[in-house]
Amino acid sequence: MINKKEAVIELKNVYKSFGSKYVLRDFDLTIYKGQSVVMLGQSGMGKSVSVRLMLGLMDVDSGSIKINGKEITNFTEENFYENNRGIGMLFQNGALFDSMSVWENVAFSLLNIDKMNPDVARKIAIEKLADVGLPAKVANMMPSELSGGMKKRVGLARAIADNPSIIFFDEPTTGLDPIMSDVINNLIVRCVKQLGATALTITHDINSAKKIADRIVMLYEGKIIWDGTPKDLDNPKNEYVEHFVKGISL
Amino acid sequence: MEMIRKIGNMGINFMKSVFQFLLFLIQTIHNWFAPPYYPKVFLRNVIEIGFYSLPVVSLTALFAGMVLALQSYSGFSSFSAEGAVATVVEIAITRELGPVFAGLMVAGRIGATMAASIGTMKVTEQIDALKTLSMNPFKYIISPRVLAGVVVMPLLVLIADIIGIFGGFIVSVNELGFNPYVYIKDTYNSMQWIDAVVGIAKGATFGAIITSMGCYYGYYTEGGADGVGKATTNAVVYSSILILIFNYILTAVFF
């Protein structure tokens, strides 16, 4: 249920540069509780950077970032570790720990942060794997034995293992075939709904965006230039968005 | 003018790296004293650094002791001082060759492994994944590794010392015709408590150098496979250089 009174993620006048090149400039974005927002944009437009800033993986040049009402730009590293509890993240290539088995990956925070009993953590990990459509026999496999689609699913299971209230998805369907992409999209929709979480997905896959989102924003040259619903994307009334959707260069 | 600018830039970059490394070291040591702890990770690294390095360290020490016995015999026999072979082997192995060879071998094996594995974790976003899972990478990856190096290396040096002396004994008794009882007695008589202290101090220092350089270069890896390769090379080269420098410093301190 979207609650437009409660902003969960709030970025205001955010600037981020690398050397002399500004990736984000005067970037504003507010995401409300329960919303599933997709951020579209070409490669190199700052989509991943914006998410990394929200997770404290990068420092902001200036501006304000609030997560669950807390200003995070003045956080210490320890504050970020604390704040990231309750936040899930699916990385583009899964970023699975290759020295650990699948179930240890999924149960990582349960074992190492929550200090849960390994038997209980394993049971939860297998349940989460089932949630993303993977059988229990996968639990003892190593990440190197998995296909690209399976890695994404394990990454998704790990992201939702601790029942987060905010989930970020970084290019969840990149590198997957259309059928597997659809499977992942459906899983994302189901997981977000089940958890009642707020989600931000970054992608340049229009089909994914339409399937996952209840709100779509378009990033161009470091700013949000368009904000609408998946339906609005059919007639965006913006030249750049129209070209992006049709895949035609300006 | 261009030349001066380049030298100046090199100097600034060097100072930046030194400062960054010192901060890295402070964070590493700080996490030794700040719970929570991860004993399983520590023990895994103790086994990896200590147990799996035993064959390579033992072989190196054995042959170092054997060569030393042969060479010192050929030198001392020219002025009828063959009796000093046992003493020279003992002092050279326990104070210098044992720690240095063990350090260099472990630098090649463990320093490279650590830089490569942590570097790969960095470029494949596994370090970022740790952070998003609320895990401080220093606590989970860096600090246990460096602590394991500091704890295990003195033991490895001690084993290298024993095996090195044994190598000298084998050659002296079997090749050079020494009386085994006299050789052991000479070795025992030449031993001083300071030899063990020097060995332990050097071992702990070299362990800290190897693991911190491996972790440091791995943690700050940039780029892809090329970056991991550079990190691995840097970790081995700089830890080897630092081992030799600190070996001299510690020898001078205990001289």
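Residues numbered from 1 in each chain as written. Chains lettered and ligands numbered in written order. Predicted model: local features only at pLDDT ≥ 70, side-chain atom pairs only at ≥ 80, totals over all residues. Heavy atoms only, no water.

Participant: Tell me what's going on with the nonpolar core, and back it up with residues and numbers.
Facilitator: Core analysis: the biggest nonpolar cluster contains 80 residues, and A:Ile9, A:Met54, A:Phe168, B:Tyr140 and B:Ile142 have the highest contact counts within it. In terms of residue count, helix 6 (residues 137-174) of chain B provides more of this core than any other element does, eleven residues in total. Domain assignment of the residues forming this core places at least three in each of domain 1 (3-86 + 163-246) and domain 2 (96-162) of chain A. Formed by 45 residues, the second largest nonpolar core is a distinct cluster that contains A:Leu129, A:Ala139, A:Val154 and A:Met218. (Core = buried A, V, L, I, M, F, W, Y, C linked by side-chain atoms within 4.5 Å. Buried < 20%, exposed > 50% of the residue type's maximum accessible area, 1.4 Å probe, protein only. Helix = DSSP H or I, 4+ residues; strand = E, 2+ residues; numbered from the N terminus. Domains from an automatic or database assignment.)

Participant: Give a detailed account of the domain arrangement of chain A, specifying residues and quantitative values.
Facilitator: Residue and element names in this part refer to chain A. Along its sequence, chain A is carved into domain 1 (3-86 + 163-246) and domain 2 (96-162). One C-alpha centre belongs to domain 1, the other to domain 2, and the line joining them spans 25 Å. With 19 residues of domain 1 at the contact, the number on the domain 2 side is 14 residues. Together domain 1 and domain 2 conceal approximately 1,200 Å² of surface at their shared face, both sides included; 59% is due to carbon and sulfur atoms. Considering only the side of domain 1, the residues that lose the most area to domain 2 are Arg85, Asn163 and Leu187, jointly responsible for 34% of the buried surface there. In this assembly, domain 1 and domain 2 are joined by one salt bridge. Of the charged contacts, one joins Arg85 and Asp114 as a salt bridge, the two residues approaching to 2.3 Å between their closest N and O atoms. (Contact = heavy atoms within 4.5 Å. Buried area = accessible area lost by both parts, 1.4 Å probe. Salt bridge = Lys/Arg side-chain N within 4 Å of Asp/Glu carboxyl O.)

Participant: Break down the packing of helix 4 (residues 85-123) of chain B against helix 7 (residues 180-190) of chain B for me, with residues and values.
Facilitator: Residue and element names in this part refer to chain B. At a minimum axis separation of 8 Å, helix 4 and helix 7 run at an interaxial angle of 50 degrees. What the angle tells us is that helix 4 and helix 7 run oblique. You can see that helix 4 and helix 7 cross each other, and the crossing is right-handed. Listed contacts from helix 7 to Val85, Ala86, Thr87, Val89 and Glu90 of helix 4 are Tyr183, Asp186, Thr187 and Ser190. Residue composition of the contact of helix 4 with helix 7, grouped by class: four nonpolar, three polar and two charged. (Axes fitted to C-alpha atoms, helices over the stretch in contact; angles between N-to-C directions. Parallel < 35°, antiparallel > 145°, perpendicular 65-115°, else oblique. Left-handed = near helix turned anticlockwise from the far one by under 90°. Nonpolar A, V, L, I, M, F, W, Y, C, P; charged D, E, K, R; others polar.)

Participant: How would you summarise the packing of aromatic side chains if you had to cite specific residues and measurements?
Facilitator: Tallied over the full model, the rule gives 24 aromatic pairs over all chains. Aromatic pair A:Tyr15 and A:Tyr22: ring centres 5.9 Å apart, planes at 85 degrees, arrangement edge-to-face. Here A:Tyr15 falls in the partly exposed class, since its relative accessible area comes to 30%. Each ring, one from B:Phe166 and one from B:Phe169, has its centre 6.3 Å from the other, and the planes form 20 degrees; the classification is stacked. Within this pair, B:Phe166 and its partner B:Phe169 are both found in helix 6, separated by three residues, close to a single helical turn. Feature note: the residues B:Phe21, B:Phe24, B:Phe138, B:Tyr216, B:Tyr217, B:Tyr219, B:Tyr220 and B:Tyr238 constitute an aromatic cluster, connected by ring pairs. (Phe/Tyr/Trp six-rings, centres within 6.5 Å; stacked < 30°, edge-to-face > 60°.)

Participant: Break down the sheet that holds strand 3 (residues 36-40) of chain A for me, citing the residues and quoting the values.
Facilitator: Within a sheet, each strand pairs with its neighbour through backbone hydrogen bonds, oriented either parallel or antiparallel. All names here are of chain A. The strand order across the open sheet formed by six strands is 6-7-8-3-9-10, and the pairing between neighbours is mixed. Each edge of the open sheet carries a strand with a single partner, namely strand 6 (87-90) and strand 10 (223-228). Across the sheet, the mean angle separating the axes of adjacent strands is 20 degrees when strand polarity is ignored. Where strand 7 (residues 166-170) meets strand 8 (residues 198-203), five bridges bridge the pair, whose relative direction is parallel. Within the sheet, the bridge partner assigned to Ile166 lies in strand 8 and is Thr198. (Pairing = 2+ DSSP bridges.)

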